[in-house]
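So the chains spell out like this:
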Amino acid sequence: MQHKGLLIVLSGFSGAGKGTLVKKLISTYDHFSLSVSMTTRAPREGEVNGREYFFVSKEEFEDTIQRDGLIEHANYCGNYYGTPRAYVEQEMEKGKDVILEIEIQGALQIKKKFSESLLLFVTPPNSEELERRLVGRGTETKEVIAKRLARATEESKGVEAYDYIVINDDLTKCVEEVHNLVEAARMTPLRQREFLTQIQEELKKYQKVEE
Ligand code: ADP
Ligand code: 5GP
């Protein structure tokens, strides 16, 4: 029997290590696939169309929404971001666990539409470490870093909507933890409906004896 893969949402403060974690998850386990989002924001230096994002115009983005081509979308800091439907459906049908690295508005839409999705919130062990990582990454100016840290306070208030908090301290341990959470999530009754229906059907043959 072909099992459909899980839809996994990964959110977290900017600088928490989401990108690093996802890269390692994908290179360590071959059951994960990463969804590439569509955005109207301009590419940063080094970003490649189709790899980091599909960079599109506002018109193209709105047209994709109209065609129901996105499973969720949000406006974040003045730009649109969204998850293309086709890739997610195709990978899940193959049995892959598809990772969406998205912010909270999108995460909440996913939970509403796909009750079996798994929502993970990634955080460093403490705020000083978050600042150290953002500064250490060296991709943003001091001002942008200050904005992202300020935004983290707001983001921390939405964490209760998630299924699990993942503390990214030791990266290798964190990768293993996410893998374990996914394996455990797969075994909940909600995500084993097909199996449950099957065994419930099979068990009916014993009912006559009981009566
Ligand atoms: P995000 O995608 O959440 O914004 P990144 O993956 O870009 O974060 O990570 C931010 C910085 O923190 C990078 O310089 C990365 O190398 C570093 N980093 C990520 N995970 C860890 C970790 N477990 N320990 C120490 N540094 C980390
Ligand atoms: P950035 O511009 O730094 O690449 O991303 C900004 C924010 O948008 C991040 O929190 C990122 O996780 C989020 N994001 C990226 N892609 C998507 C998407 O498809 N949908 C939503 N809702 N958020 C996204």
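Below: a short report on this structure. Please read these numbers as outputs of a predicted model, since none were measured by experiment.

Let us now look at the site of ligand 1. Contacts to ligand 1 come from 13 residues, most closely from G15, K18, T20, R137 and D169. Contact distances for ligand 1 include 2.9 Å between an oxygen atom and a backbone N or O atom of G19. D169 is positioned such that a nitrogen or oxygen atom in its backbone is 2.8 Å from a nitrogen atom of ligand 1. Across the complex, the protein chains shield 72% of the 570 Å² of accessible surface that ligand 1 would expose by itself. Taken together, the elements giving at least two residues each to the shell around ligand 1 come down to α1 (18-28) and α5 (127-137). Ranked by residue count, the leading element in the shell around ligand 1 is α1, at three residues. Class assignment for the residues of the shell around ligand 1 results in three nonpolar, six polar and four charged.

Looking now at the pattern of salt bridges. What the rule picks out here adds up to 20 salt bridges. One salt bridge connects R44 with E47, and the closest N-O pair in it is separated by 3.9 Å. Residue E47 is classed as buried on the basis of its relative accessible area, which comes to 19%. R85 serves as the salt-bridge partner of E89, at 3.4 Å between the closest nitrogen and oxygen. Of the two residues, E89 and R85 are both situated in helix α3 (residues 85-93); the distance of four residues between them amounts to about one turn of the helix. When its relative accessible area of 40% is taken as the criterion, E89 is described as partly exposed. Residue classification places R85 among the buried residues on the basis of a relative accessible area of 19%. A single network of salt bridges, built from pairs that share partners, joins R41, R44 and E47.

The rules behind the values
- Residues numbered from 1 in each chain as written.
- Chains lettered and ligands numbered in written order.
- Predicted model: local features only at pLDDT ≥ 70, side-chain atom pairs only at ≥ 80, totals over all residues.
- Heavy atoms only, no water.
- Near = heavy atom within 4 Å.
- Polar contact = N/O pair within 3.5 Å; in protein donor to acceptor, adjacent residues only side chain to side chain.
- Areas by Shrake-Rupley, 256 points an atom, 1.4 Å probe, with all protein chains shown as cover.
- Helix = DSSP H or I, 4+ residues; strand = E, 2+ residues; numbered from the N terminus.
- Nonpolar A, V, L, I, M, F, W, Y, C, P; charged D, E, K, R; others polar.
- Salt bridge = Lys/Arg side-chain N within 4 Å of Asp/Glu carboxyl O.
- Buried < 20%, exposed > 50% of the residue type's maximum accessible area, 1.4 Å probe, protein only.

That's the geometry; what it means functionally is another story.
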